Amino acid sequence: ALICLSAFFLLPETLKQSTPFSIKQLGVRTKTILHAPAYVSGGCLCALIFGFIATFNVMGPFLIQSVLGFSAAFYGLMALLMGSAFLIGNVINKKRILFPSAPRMQLALSVTLFVVLVEMAVALVVHVSLYNIVKPTFILLLFAGMVFPNAYAKAMGLFPQFSGTASAVFSA
């Protein structure tokens, strides 16, 4: 609580132009934001990535513990590995920041689509194993870590004049 209070009082406001709160203005801004195709597509892409992460967090324990018979601690290690994949994707994205983001995102999404299609085909003929669960999930999270920051930054960068509203709509 002390850290939060000190941050509230000691850190300066970064908003360049302050505007008074108005429900009407909030509605106009929200309508403007939601009518921007690039913003909506970035939001959908980020939501899909979060959905993928949530799916692993829900299905992973069942598959790894109940179906394959590993312990809860082992699942924790696999979850840590998946979190590391997302982090590594973010780090790779940062290292390639000087390159245009559109080709990076196209490459990452193409690899993701390829991995999904290959693993769907493999799942039809190969028995469930830890390797068949962890390998594609790691690859997908690695590339998701490369796509998410770009999609989020692109969506937020569209509305610098009302970034707080854009961020709130994006998170809703």
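In what follows, the structure referred to is the one given above.
Since the model is a prediction, treat every value here as computed from it, not as a measurement.

K.L.:
Even after reading the chapter, I still don't get the side chain of R104, so can you show me in this structure?
P.N.:
Assignment of secondary structure puts R104 in helix α5 (residues 101-125). One buried charged residue, R104, forms no salt bridge at all, with the nearest opposite charge on E119 at 25 Å. Looking at R104, its side chain comes within polar contact range of the side chain of N93, at 2.7 Å. Discounting chain neighbours no more than four positions away, the residues touching R104 are N93, R96, I97, F99 and N150.

K.L.:
Help me understand the packing of helix α3 (residues 37-67) against helix α4 (residues 72-95) in this model?
P.N.:
Working note: a packed helix pair is described by the angle between its axes plus the distance between those axes. Contact pair α3 / α4: the axes reach a minimum separation of 9 Å and the direction vectors enclose 155 degrees. By the angle class used here, α3 and α4 are roughly antiparallel. The crossing of α3 and α4 is right-handed. Facing I49, I53, F56, N57, G60, P61, I64 and Q65 of α3, the residues of α4 in contact are A72, F74, Y75, M78, A79, M82 and F86. The residue inventory of the contact of α3 with α4, partitioned by class, reads twelve nonpolar, three polar and no charged.

K.L.:
What should I look at first to understand helix α7 (residues 163-171) in this one?
P.N.:
Because each turn of an α-helix spans 3.6 residues, side chains separated by three or four positions in sequence point in the same direction. Among all positions in α7, only T165, A166 and F170 are buried. Projected onto a plane normal to the axis of α7, the buried residues spread over an arc of 135 degrees and lie on a single side. For α7, the exposed residues lying more than 90 degrees away from the buried face are G164 and S171. On its buried face, α7 sits against α2 (23-34), α3 and α6 (130-157).

K.L.:
Before we go on, may I ask you to explain the side chain of N150 in this structure?
P.N.:
Within the element layout of this structure, N150 appears in helix α6. Within the local environment of N150, its side chain forms a polar contact with the backbone oxygen of M146, the two atoms lying 2.8 Å apart. Those residues in contact with N150 that sit more than four places away from it in its chain are N93, S101, R104 and M105.

K.L.:
I keep staring at the packing of α3 against α7 and nothing clicks. Help me out?
P.N.:
Two elements in contact, α3 and α7, have axes whose closest approach is 10 Å; the angle formed by their N-to-C orientations is 45 degrees. Classified by the interaxial angle, the pair formed by α3 and α7 is oblique. With respect to the hand of their crossing, α3 and α7 are arranged in right-handed fashion. Where α3 approaches α7, its residues Y39, G42, G43 and C46 are matched on the opposing element by A166, V169 and F170. Of the residues that constitute the contact of α3 with α7, the class distribution is five nonpolar, two polar and no charged.

K.L.:
In this structure, what is going on with the nonpolar core? I would like to understand it.
P.N.:
Generally speaking, nonpolar side chains in soluble globular proteins are found buried as a group. Among the nonpolar cores identified, the biggest contains 21 residues, and I33, Y39, V147, M156, F159, A166 and F170 are the most heavily contacted of them. Contributions of two or more residues to this core are made by α3, α5, α6 and α7. If you tally residues by element for this core, the top one is α6, at nine residues. Counting residues in hydrophobic clusters, the runner-up holds nine residues, among them I64, Y75, A85 and L130.

K.L.:
Sorry if this is basic, but what is going on with the packing of aromatic side chains here?
P.N.:
The relation between two aromatic rings is expressed through the spacing of the ring centres and the mutual angle of the planes. In total, this model carries ten aromatic pairs according to the counting rule given. Aromatic side chains F8 and F9 sit 5.0 Å apart centroid to centroid with 80 degrees between the ring planes, which places their arrangement in the edge-to-face category. The class for F8 is exposed, based on a relative accessible area of 63%. For F9, a relative accessible area of 63% puts it in the exposed group. Within the aromatic cluster, the residues linked to one another by ring pairs are Y39, F50, F86, F148, Y152, F159, F162 and F170. Its end group placed over the ring of F99, R96 keeps NZ or CZ at 4.4 Å from the ring centre.

About the criteria used
- Residues numbered from 1 in each chain as written.
- Predicted model: local features only at pLDDT ≥ 70, side-chain atom pairs only at ≥ 80, totals over all residues.
- Heavy atoms only, no water.
- Helix = DSSP H or I, 4+ residues; strand = E, 2+ residues; numbered from the N terminus.
- Buried < 20%, exposed > 50% of the residue type's maximum accessible area, 1.4 Å probe, protein only.
- Lys, Arg positive; Asp, Glu negative; His and termini not counted.
- Salt bridge = Lys/Arg side-chain N within 4 Å of Asp/Glu carboxyl O.
- Polar contact = N/O pair within 3.5 Å; in protein donor to acceptor, adjacent residues only side chain to side chain.
- Contact = heavy atoms within 4.5 Å.
- Axes fitted to C-alpha atoms, helices over the stretch in contact; angles between N-to-C directions.
- Parallel < 35°, antiparallel > 145°, perpendicular 65-115°, else oblique.
- Left-handed = near helix turned anticlockwise from the far one by under 90°.
- Nonpolar A, V, L, I, M, F, W, Y, C, P; charged D, E, K, R; others polar.
- Arc of directions from axis to C-beta.
- Core = buried A, V, L, I, M, F, W, Y, C linked by side-chain atoms within 4.5 Å.
- Phe/Tyr/Trp six-rings, centres within 6.5 Å; stacked < 30°, edge-to-face > 60°.
- Lys NZ or Arg CZ within 6 Å of the ring centre and 35° of its normal.

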